[in-house]
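# Examination of the molecular architecture
Listed here are the chains, written in short residue letters.
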Amino acid sequence: MDCVNCREPMIVLEVDQVEIDYCLECGGIWLDSGELGILLDDDDIVAEFLEKPVMTNHVRESERLCPECEKNLNELLVDPDNGIYIDRCADRHGLFFDRGELKQVIGLFRTETSKKVASLLKDIFRGDKID
Ligand SMILES: [Zn+2]
Ligand SMILES: [Zn+2]
């Protein structure tokens, strides 16, 4: 799969049954809906990302294309305080996070989930590549 952001081929990292498409070039991460479910282990949160029309009222069309269906992704404002947008396929194929965004987004979740995912990410990136 090519990176949503820079079009370089992404590598697949597998940790704890979660396959994460990761771009060595720009640090972007693509998570499809199945991976997201395993990673977050919380159907409500996954639904919030993928099934509710929007998490906030702020949505804009991205110039980036979904790697699955090649339609334009939508940018959702998930953290107004820090101006963090994540890219989501309207057909629920998955989410794209720019470098560091996944970590920031996870910080918005309740603590238990945050800890679990943060330690998983630490394993994946050995704590040094996602900031
Ligand atoms: Zn990239
Ligand atoms: Zn799609």
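Everything here concerns the structure above.
Residues numbered from 1 in each chain as written. Chains lettered and ligands numbered in written order. Predicted model: local features only at pLDDT ≥ 70, side-chain atom pairs only at ≥ 80, totals over all residues. Heavy atoms only, no water.

## Topic: the coordination of the zinc ion (ligand 1)
For the zinc ion (ligand 1), the protein coordination sphere consists of Cys 3 (SG), Cys 6 (SG), Cys 23 (SG) and Cys 26 (SG), at 2.2 to 2.3 Å. Relative to the metal, the four donor atoms surrounding the zinc ion (ligand 1) lie at angles of 102 to 121°, and the coordination shape comes out tetrahedral. Sequence spacing of the donors to the zinc ion (ligand 1): C-x2-C-x16-C-x2-C. On the criterion of sequence distance, the pair formed by Cys 6 in the segment before β1 (11–15) and Cys 26 in the loop between β2 (18–22) and β3 (29–32) is long-range, its members being 20 residues apart. On the accessibility criterion, Cys 6 (26% relative accessible area) is partly exposed. (Donors = N, O, S within 2.8 Å, 3.2 Å for Na, K, Ca; no water. Tetrahedral: all angles 85-135°; square planar, octahedral: opposite > 155°, others 65-115°. Helix = DSSP H or I, 4+ residues; strand = E, 2+ residues; numbered from the N terminus. Buried < 20%, exposed > 50% of the residue type's maximum accessible area, 1.4 Å probe, protein only.)

## Some words on the coordination of the zinc ion (ligand 2)
Here the zinc ion (ligand 2) is held by Cys 66 (SG), Cys 69 (SG), Cys 89 (SG) and His 93 (ND1), and the distances to it run 2.0 to 2.3 Å. Coordination at the zinc ion (ligand 2) comes from four donor atoms whose angles at the metal span 98 to 117°, giving a geometry best classed as tetrahedral. In the primary structure, the donors to the zinc ion (ligand 2) are separated according to the pattern C-x2-C-x19-C-x3-H. Here Cys 89 falls in the buried class, since its relative accessible area comes to 1%. Judged by its relative accessible area of 27%, His 93 is partly exposed.

## Side note on the side chain of Asp 87
Mapped onto the elements, Asp 87 comes out in strand β6 (residues 84–88). At a separation of 3.0 Å, a polar atom in the side chain of Asp 87 contacts the side chain of Arg 64. Setting aside its immediate chain neighbours within four residues, Asp 87 contacts Ser 62, Arg 64, Leu 73, Asn 74, Glu 75, Gly 94, Leu 95, Phe 96 and Asp 98. (Polar contact = N/O pair within 3.5 Å; in protein donor to acceptor, adjacent residues only side chain to side chain. Contact = heavy atoms within 4.5 Å.)

Keep in mind these numbers describe shape, not what the thing actually does.
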